[in-house]
Amino acid sequence: MSTSYLGAAPFTISRPVSHKGARKSVTLAGDATLTYRWATYLKIDPGGAGRNITLPSPRAGGFFRITNAADADEGLVVADADGTVATVGQNERCEFFVEDGSWTFDAIETIALS
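In this convention, every chain numbers its residues from 1, walking through the sequence in written order. Reporting in this predicted model follows two pLDDT cut-offs: at least 70 for local features of residues, and 80 or more for side-chain atom pairs to be given and counted; totals over whole chains, interfaces and linings ignore these cut-offs and use all residues. Side-chain calculation: all heavy atoms of the structure are included, whereas hydrogens and water are not.

Asker: Got a minute to help me understand the sheet that holds strand β1 (residues 23-27) in this structure?
Answerer: Sheet strands line up and pair through hydrogen bonds in the backbone, either parallel or antiparallel. One requirement defines pairing of two strands: DSSP has to find at least two bridges between them. In DSSP terms, a helix is any run of H or I states spanning at least four residues, a strand is any run of E spanning at least two, and both are numbered starting from the N terminus. Ordered in space as β1-β3-β5-β8-β9, the 5 strands form an open sheet in which the pairing is mixed. Two strands bound the open sheet, and with one partner strand each, they are β1 and β9 (102-110). Here the average twist between neighbouring strands, direction ignored, is 20°. Where strand β8 (residues 92-99) lies against β9, 7 bridges are found, and the strand directions are antiparallel. Bridged to E99 within β9 is S102. Simply put, an axis is a line fit to the C-alpha atoms, just over the touching stretch for a helix, and the angle between two N-to-C directions goes from 0 to 180 degrees.

Asker: What is the right way to read the side chain of E74 from this model?
Answerer: Assignment of secondary structure puts E74 in the loop between β5 (63-68) and β6 (76-80). Despite its burial, E74 pairs with no opposite charge; the closest candidate is R51, at 6.8 Å N-O. Whether two residues are in contact is decided by their heavy atoms, any of which lying within 4.5 Å being enough. The contacts of E74, once residues within four sequence positions are left out, are D45, P46, G47, G48, A49, G50, N68 and Q90. Under the scheme applied here, a residue whose accessible area is under 20% of the maximum for its type counts as buried, over 50% as exposed, and between as partly exposed, the area being computed with a 1.4 Å probe on protein chains only. As used throughout, the charge tally considers Lys and Arg to be positive and Asp and Glu to be negative, leaving His and the chain termini uncounted. The rule for a salt bridge is simple: a side-chain nitrogen of Lys or Arg has to be within 4 Å of a carboxyl oxygen of Asp or Glu.

Asker: What exactly am I supposed to notice about the packing of aromatic side chains here?
Answerer: Two numbers describe a pair of aromatic rings. These are the distance of the centres and the angle of the planes. Stacked, edge-to-face and tilted are the three classes for Phe, Tyr and Trp ring pairs, Trp counted by its six-membered ring, which pair at centre distances within 6.5 Å; planes under 30 degrees apart are stacked, over 60 edge-to-face, the rest tilted. Applying the stated criterion across every chain yields a total of 5 aromatic pairs. Judged by centre distance (6.5 Å) and plane angle (20°), the ring pair of Y36 and W103 falls under stacked. You can see Y36 sitting in the loop between β2 (32-33) and β3 (41-45) and its partner W103 sitting in strand β9, a full 67 residues away along the chain. Among the residues examined, W103 registers a relative accessible area of 6% and is labelled buried. Seen in terms of ring centroids, F96 and F105 are 6.3 Å apart; in terms of plane orientation they differ by 55°. Their pairing is tilted. According to the relative accessible area criterion, F96 is buried, its value standing at 0%. With relative accessibility at 30%, the residue F105 sits in the partly exposed group.

Below you can see the structure in the form of structure tokens.
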């Protein structure tokens, strides 16, 4: 049993948690503007060129994990209305989240895609 981070009384999750539609693989033909209806975990092939990815307006709990599945040096420039948040290169993954009303990221990690 664990307590929530707000210090509430302990509780138990009594059945498996499901996040239907949480992951999606896409190949882009141009830039993309994300909405909260997109999958949370995105594996993106830029489709032959670097692309711009625009995050939606920040809201509490906003989160995306973006993996760049490019087959060449094709970066994904991830930005919000205030400008670039991070650039995710080939074979890199980054988690973006809303903190204090703004988009930020934790770290960009290099990964091995199969």
